[in-house]
Number of protein chains: 4
Amino acid sequence: MKKDLIADSAIVLLAEKGYANTTTRMISESAEIAVGTIYTNFKNKEGILDYIFQTEYDKREAYLKVLLTSNSAYLEKLNRFLDFHFSELSKNEKLALVLIQESSNPELSHLAGIQNFIQQIPDFFKTILVEAMANGEVRPLDPELTAEIIFSTIRGTVLNVAGKNALSDSESIQKELKSFITHAVQKR
Amino acid sequence: MKKDLIADSAIVLLAEKGYANTTTRMISESAEIAVGTIYTNFKNKEGILDYIFQTEYDKREAYLKVLLTSNSAYLEKLNRFLDFHFSELSKNEKLALVLIQESSNPELSHLAGIQNFIQQIPDFFKTILVEAMANGEVRPLDPELTAEIIFSTIRGTVLNVAGKNALSDSESIQKELKSFITHAVQKR
Amino acid sequence: MKKDLIADSAIVLLAEKGYANTTTRMISESAEIAVGTIYTNFKNKEGILDYIFQTEYDKREAYLKVLLTSNSAYLEKLNRFLDFHFSELSKNEKLALVLIQESSNPELSHLAGIQNFIQQIPDFFKTILVEAMANGEVRPLDPELTAEIIFSTIRGTVLNVAGKNALSDSESIQKELKSFITHAVQKR
Amino acid sequence: MKKDLIADSAIVLLAEKGYANTTTRMISESAEIAVGTIYTNFKNKEGILDYIFQTEYDKREAYLKVLLTSNSAYLEKLNRFLDFHFSELSKNEKLALVLIQESSNPELSHLAGIQNFIQQIPDFFKTILVEAMANGEVRPLDPELTAEIIFSTIRGTVLNVAGKNALSDSESIQKELKSFITHAVQKR
DNA sequence: TATGAATGAGTCTTCATTCAT
DNA sequence: TATGAATGAAGACTCATTCAT
């Protein structure tokens, strides 16, 4: 509870100011708790970020587990995951910004939660692409590289768009982005 | 001279540690100058970043000016700009990482050099896409959004790849990325 | 408590070295606290000065409130305030020096505590002089200007004398000064 | 020439910002010379202040030498010196402020020029007072102390008044101050 | 004599973290 | 578990002074 209160307060600040410019004092004031309470709930400041990323990663992993056992077409699976990912990001624009911004922060790259987030998700894309290629659903391509490209594309797009506070209008963006990706990989 | 010596030393550190973790002392030691010399050449620490981005933006702008007056097909222009952009990034992986990482740093987003970089370049993509659509070279799409997506795609890809110090092997990545983008926008 | 410990330690240093030459480190060492503790008690270095002046001003203001309601002769009131002011300064020579020296420091003139000190006190003199003139106790004079002159006279005298560490012998000085002022304004 | 150009530029800045907040760079820019040129004309930054005070002291000393040999009444001599001193200060308000402000700056009190200024001038007052007392022109008083009080009175008054940029209207102030001092010491 | 880029010691201030209550 | 005053290392930046030109 306290943990999520702290994390939620942190997300708002992190989205606006970035990790280095968000102080533990700001977080405690925003959460209306004492600074010390942060440290009874988290090992340290980094721990908050780690927790945020891990939580989001866990959600996606759970969804993936279900998705992978479904028997829809592979591109369909990819699309459904994109839908899920996007809908999660749309629920909380600030969180979306944090996930994007801080995942490329070199001073945080050692955190397990961040590593999971930026390594496992593209890895899933790769898995799908490999199968989809074998299946003739997508054109011949380097699945690892393309997986990274897709992940990057989403990441970069969200960053651009969320930065402009327009994620709420995300339906059209989501559509355009899915269309972009589908066209990019689809066999004609 | 001193200005570029300082900027170059900063780039190496910034790529490895990020803006917040790179101190002015580190930069001065790496450049083998006194801390004060940074301040005879730049207004402040941010000024170094601003200069780095502005310099790179200027290069691209100059290339674009020439490119836009050439009479190749629009998609060809896009491809040639991607080639140029990528070849510039490949020349200096550390610089590439800095350009990508710090362009999404909210504490630096107010810098003119960064704003130029992240606003003007997608704007150019948009210009090309509009013309290319009118010309029937690309499928119907939202040019502004797609321009952002393309920019993000490059940005994200470079981040992923340069982060792994594999930009040297960039030829295949570059090919894959160009192929990805071309397929994504091309009319069939 | 801590606040006064810091202020008291600062006074000793400020008297000897002046504001610009007294560092926060010196103050913290002299007060046997950490530098950071200064900043949990004061907004910044200037804040210490502001507090010192405000505190001293408050004492004088409180005394004045009582004095003004007493029904002694006006020149008597002036003399009693001079007695009070002098006795306060004599209690702490270092403080006296700080009050005098830094009240004419242009880099500190914006502080509310200092402005109160150097504006309100002469203002009180003026009030008394106006009444005393109407009453025929003092010769015709410009009350505003004379109030400033009296304030300046005290200020300058304390500076000269405290600078020579002779404030302890202040009784004779105080007598001489009061005699000087009384003669200066008195109707013959 | 250069020396006076530098000193004059310094005076304007020192009056507004005080010694600690006036940098050598500011002075050089205001004088439209290079920083280094300050150091070919003065030993260091303090040297400028020393020169300013010494110059002003020399003027007063020269005037005093003449005055003392004149055979006017002693109080008249005092009045004439006050006239001279005031007229000098009125010529250059900024200089007046510097002389007052920095003469009480503890970090500068070791400068010979300043020591002359604040020790020799009251010493002259004392000389006059001693003679005037012996002569029955002034009431019985402590000449040393009273000399300091007079010096302080002038100093403080100029500070108050020059700080308000009203030294130009100095005629009335000068009159009031002289009247104040005369009344204060005069035998009835 | 004049220049001004370079110097680096020294400033104020911040802030993650601790720990006695 | 929660608190928040205290800590002090570390950071950005300044500025008097120097010296090669």
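For every chain, the first residue of its written sequence is number 1, and the numbers climb from 1 along that sequence. Here the convention is simple: chains get letters from A, ligands get numbers from 1, in the order in which they are written. Thresholds applied to this predicted model are a pLDDT of at least 70 for local features of residues and 80 or more for the giving and counting of side-chain atom pairs; totals over whole chains, interfaces and linings are not thresholded and use all residues. Only hydrogens and water are removed before side-chain values are computed, so all heavy atoms of the structure are retained for them.

## Points about the overall build of chain A
Right, so step 1: Helix and strand assignments follow DSSP, with helices taken as H or I runs no shorter than four residues and strands as E runs no shorter than two, numbered in order from the N terminus. A tally of helices and strands in chain A yields 9 helices and 0 strands.
Right, so step 2: When the helices and strands of chain A are read in sequence order from the N terminus, they spell out α-α-α-α-α-α-α-α-α.
Right, so step 3: The globule rule is 2.2 Å times the number of residues to the power 0.38, and the radius of gyration it is compared with is taken over C-alpha atoms. For chain A, whose C-alpha radius of gyration is 18 Å, the value lies close to the compact-globule estimate of 16 Å for 188 residues.
Right, so step 4: Overall, the C-alpha framework of chain A stretches about 60 × 30 × 30 Å when taken along its three principal axes.
Right, so step 5: Partly exposed residues are those whose accessible area sits between 20% and 50% of the maximum for their type, while under 20% is buried and over 50% is exposed, using a 1.4 Å probe and protein chains only. For chain A, with 188 residues in total, the buried portion stands at 53%.
Right, so step 6: Residue contacts are counted whenever heavy atoms from the two residues lie within 4.5 Å of one another. In chain A, the proportion of contacts linking residues at least 24 apart, taken out of those at least 6 apart, comes to 71%.
Right, so step 7: Residue-level accessible areas treat just the shown protein chains as cover; the underlying method is Shrake-Rupley with a 1.4 Å probe. By element, 51% of the accessible surface of chain A is carried by carbon and sulfur atoms, the whole surface being about 8,000 Å².
Right, so step 8: Taken as two groups, the 21 positive and 25 negative side-chain charges of chain A have centres that lie 1 Å from each other. Only four residue types enter the tally: Lys and Arg on the positive side, Asp and Glu on the negative side, with His and both chain ends excluded. Throughout, a charge is located at the NZ atom of Lys, the CZ atom of Arg, the CG atom of Asp or the CD atom of Glu.

## Side note on the UniProt feature "domain: HTH tetR-type" (unreviewed entry) in chain A
Right, so step 1: UniProt positions are given in the numbering used here, feature names are shortened, and annotations may be inferred rather than shown by experiment. Mapped onto this structure's residue numbering, the UniProt feature "domain: HTH tetR-type" (unreviewed entry) falls at residues 1–60 of chain A.
Right, so step 2: Along residues 1–60 of chain A, the helical share is 78% and the strand share 0%, with 21 Å between the first and last C-alpha atoms.

## So, the pattern of salt bridges
Right, so step 1: For salt bridges, the criterion is a side-chain nitrogen of Lys or Arg within 4 Å of an Asp or Glu carboxyl oxygen. Summed over the entire model, instances satisfying the criterion amount to 28 salt bridges over all chains.
Right, so step 2: Lys-178 of chain C serves as the salt-bridge partner of Asp-83 of chain C, at 2.8 Å between the closest nitrogen and oxygen. Taken together, the positions of Asp-83 of chain C in helix 5 (residues 74–91) and Lys-178 of chain C in helix 9 (residues 170–185) put the pair 95 residues apart, joining distant regions of the chain.
Right, so step 3: For Lys-178 of chain C, a relative accessible area of 21% corresponds to the partly exposed category.
Right, so step 4: Salt-bridge contacts for Lys-59 of chain D lead to Glu-88 of chain D; the nearest nitrogen and oxygen are separated by 3.6 Å. Residue Lys-59 of chain D is found in helix 4 (residues 45–69), and its partner Glu-88 of chain D is found in helix 5 (residues 74–91); the two are separated by 29 residues along the sequence.

## With respect to the interface of chain C and chain D
Right, so step 1: Facing the 39 residues of chain C at the interface are 38 residues of chain D.
Right, so step 2: Once two parts are put together, the accessible area they lose, assessed with a 1.4 Å probe and summed over both, is termed the buried area. Both faces combined, the contact of chain C with chain D buries some 3,300 Å², and carbon together with sulfur accounts for 58% of it.
Right, so step 3: Here chain C is connected to chain D by 0 salt bridges.
Right, so step 4: What qualifies as a polar contact is a pair of N or O atoms within 3.5 Å, subject to a donor-acceptor requirement within protein and to the restriction that residues adjacent in sequence count only when both atoms come from side chains. On inspection of chain C and its partner chain D, the count reaches 11 residue pairs in polar contact (both at pLDDT 80 or more).
Right, so step 5: Contributions of two or more residues to the side of chain C that touches chain D are made by helix 1 (2–17), helix 8 (143–163) and helix 9 of chain C.
Right, so step 6: Examining the composition of the side of chain C that touches chain D, we find that 13 residues originate from one element, helix 8 of chain C, more than from any other.
Right, so step 7: Looking at the side of chain C that touches chain D residue by residue, the class counts come to 15 nonpolar, 14 polar and 10 charged. Three residue categories are used. Nonpolar comprises Ala, Val, Leu, Ile, Met, Phe, Trp, Tyr, Cys and Pro, charged comprises Asp, Glu, Lys and Arg, and polar comprises the others, including Gly.

## Overview of the relation of the copies chain A and chain B
Right, so step 1: To line up the copies, we fit them by least squares on C-alpha atoms, keeping just the residues with pLDDT of at least 70 in both. Take chain A, turn it by 180 degrees, move it 0.1 Å along the axis, and it overlays chain B with an RMSD of 0.1 Å. This pairing of chains is accounted for by a two-fold axis.
Right, so step 2: Interface overlap between copies: 100% of the residues of chain A at the interface are likewise at the interface in chain B, consistent with a symmetric, same-surface contact.

## Side note on the arrangement of the chains
Right, so step 1: Where chain A comes nearest to chain D, the C-alpha atoms are still 30 Å apart, and the two do not contact one another.
Right, so step 2: Separated without contact, chain B and chain D have their nearest C-alpha atoms at a distance of 13 Å.

## Remarks on the interface of chain A and chain B
Right, so step 1: Tallying the contact residues gives 37 residues for chain A and 38 residues for chain B.
Right, so step 2: Summed over both partners, the interface of chain A with chain B comes to about 3,300 Å²; 58% of that surface belongs to carbon and sulfur atoms.
Right, so step 3: Between the two partners, chain A and chain B, sit 0 salt bridges.
Right, so step 4: In this structure, the connection of chain A to chain B is made through 11 residue pairs in polar contact (both at pLDDT 80 or more).

## Some thoughts on the packing of helix 4 of chain D against helix 7 (residues 112–134) of chain D
Residue and element names in this part refer to chain D.
Right, so step 1: Interaxial angles span 0 to 180 degrees and are taken between N-to-C directions of axes, which are lines fitted to C-alpha atoms, for helices over the stretch in contact. One can describe the packing of helix 4 onto helix 7 by two numbers: an axis separation of 8 Å at closest approach and a directional angle of 25 degrees. As judged from the angle between their axes, helix 4 and helix 7 are roughly parallel. Of the two possible hands of crossing, helix 4 and helix 7 adopt the one that is left-handed. Counted together, Asp-50, Phe-53, Gln-54, Glu-56, Tyr-57, Arg-60, Leu-64, Leu-67 and Leu-68 of helix 4 and Ala-112, Gly-113, Ile-114, Asn-116, Phe-117, Gln-120, Ile-121 and Phe-124 of helix 7 form the full contact between these two elements.
Right, so step 2: The class makeup of the residues in the contact of helix 4 with helix 7 is 10 nonpolar, 4 polar and 3 charged. Under this scheme an angle from 65 to 115 degrees is roughly perpendicular, one under 35 degrees roughly parallel, and one over 145 degrees roughly antiparallel; angles in between are oblique. Two helices crossing with the near one rotated counterclockwise from the far one by less than a right angle form a left-handed crossing, whereas a clockwise rotation gives a right-handed crossing.

## Some remarks on the nonpolar core
Right, so step 1: We define a nonpolar core as any set of buried Ala, Val, Leu, Ile, Met, Phe, Trp, Tyr and Cys residues linked to one another through side-chain atoms lying within 4.5 Å. Grouped together as the largest cluster of nonpolar side chains are 118 residues, with contacts concentrated most on Phe-125, Ile-150 and Ile-154 of chain A together with Phe-125, Ile-150, Ile-154 and Val-185 of chain B.
Right, so step 2: Here Ile-154 of chain A is in contact with Leu-82, His-85, Phe-86, Phe-125, Leu-177 and Ile-181 of chain A, once residues within four sequence places are set aside.
Right, so step 3: The next biggest cluster of nonpolar side chains, apart from the first, holds 116 residues, and it includes Ile-121 and Phe-180 of chain C together with Ile-128 and Phe-151 of chain D.

## Points about the protein's contact with DNA strand E
Right, so step 1: Throughout, the term near means that a residue has one or more heavy atoms lying within 4 Å of the molecule or strand in question. Surveying the vicinity of DNA strand E reveals 30 residues, the closest of which are Thr-24 of chain A, Lys-2 and Thr-37 of chain B, Tyr-39 of chain C together with Thr-37 of chain D.
Right, so step 2: Counted by atom, the contact set of DNA strand E within 4 Å of the protein is 74% sugar and phosphate.
Right, so step 3: Here Lys-2 of chain B contributes a side-chain N or O atom positioned 2.8 Å from a phosphate oxygen of DNA strand E.
Right, so step 4: Side-chain polar atom of Tyr-39 of chain C to a phosphate oxygen of DNA strand E: 2.7 Å apart, as the coordinates give it.
Right, so step 5: For the surface near DNA strand E, the elements supplying multiple residues, two or more each, are helix 3 (35–41) of chain A, helix 3 (35–41) of chain B, helix 3 (35–41) of chain C together with helix 3 (35–41) of chain D.
Right, so step 6: Looking at the surface near DNA strand E, its residues break down into 10 nonpolar, 16 polar and 4 charged.

## Digging into the packing of aromatic side chains
Right, so step 1: Ring pairs shown here join Phe, Tyr and Trp side chains whose ring centres sit within 6.5 Å, with only the six-membered ring taken for Trp; geometry is labelled stacked below 30 degrees between planes, edge-to-face above 60, and tilted in between. Taken as a whole, this structure holds 26 aromatic pairs over all chains when the rule is applied.
Right, so step 2: Relative to Phe-84 of chain A, the ring of Tyr-63 of chain A lies with its centre 4.0 Å away and its plane at 0 degrees, an arrangement referred to as stacked. Note that Tyr-63 of chain A is positioned in helix 4 (residues 45–69) and Phe-84 of chain A in helix 5 (residues 74–91), a separation of 21 residues in sequence.
Right, so step 3: With 5.6 Å between their ring centres and 70 degrees between their planes, Phe-42 of chain D and Tyr-51 of chain D make a pair best called edge-to-face.
Right, so step 4: When its relative accessible area of 6% is taken as the criterion, Phe-42 of chain D is described as buried.
Right, so step 5: Among the residues examined, Tyr-51 of chain D registers a relative accessible area of 22% and is labelled partly exposed.
Right, so step 6: Cluster of aromatic residues (ring-pair linked, three or more members): Phe-81, Phe-124 and Phe-125 of chain A.

## Notes on the environment of Asn-105 of chain D
Residues and elements named next belong to chain D.
Right, so step 1: Inspection of the secondary structure puts Asn-105 in the loop between helix 6 (93–103) and helix 7.
Right, so step 2: Owing to a relative accessible area of 12%, Asn-105 belongs among the buried residues under this scheme.
Right, so step 3: Between the C-alpha atom of Asn-105 and that of Ser-72, which follows or precedes it by 33 residues, the distance is 36 Å.
Right, so step 4: Within the structure, Asn-105 has its side chain in polar contact with the backbone nitrogen of Glu-107 (distance 3.0 Å).

## Observations regarding the protein's contact with DNA strand F
Right, so step 1: Surrounding DNA strand F, one finds 29 residues, the nearest of these being Thr-37 of chain A, Lys-45 of chain B, Lys-2 and Thr-37 of chain C together with Thr-24 of chain D.
Right, so step 2: Here Gly-36 of chain C contributes a backbone N or O atom positioned 3.2 Å from a base nitrogen of DNA strand F.
Right, so step 3: Residue Thr-24 of chain D places a main-chain N or O atom 2.6 Å away from a phosphate oxygen belonging to DNA strand F.
Right, so step 4: Elements with a minimum of two residues in the surface near DNA strand F: helix 3 of chain A, helix 3 of chain C together with helix 3 of chain D.
Right, so step 5: For the surface near DNA strand F, a count of residues per class yields 9 nonpolar, 16 polar and 4 charged.

## Focus: helix 7 of chain D
All names here are of chain D.
Right, so step 1: One fewer than the residue count of a helix, multiplied by 1.5 Å, yields its expected span. Taking 1.5 Å per residue as the helical rise, helix 7 with its 23 residues ought to reach 33 Å, and the 32 Å between its terminal C-alpha atoms agrees with that figure.
Right, so step 2: All buried positions along helix 7 are accounted for by Gly-113, Ile-114, Phe-117, Ile-121, Pro-122, Phe-124, Phe-125, Ile-128, Leu-129 and Ala-132.
Right, so step 3: Within two residues after helix 7, Gly-136 carries a phi angle of roughly 80 degrees, on the positive side.

## Some thoughts on the UniProt feature "DNA-binding region" (unreviewed entry) in chain A
Right, so step 1: Following the UniProt record, the feature "DNA-binding region" (unreviewed entry) maps to residues 23–42 of chain A here.
Right, so step 2: End C-alpha to end C-alpha, residues 23–42 of chain A measures 14 Å, and it is 75% helix and 0% strand.

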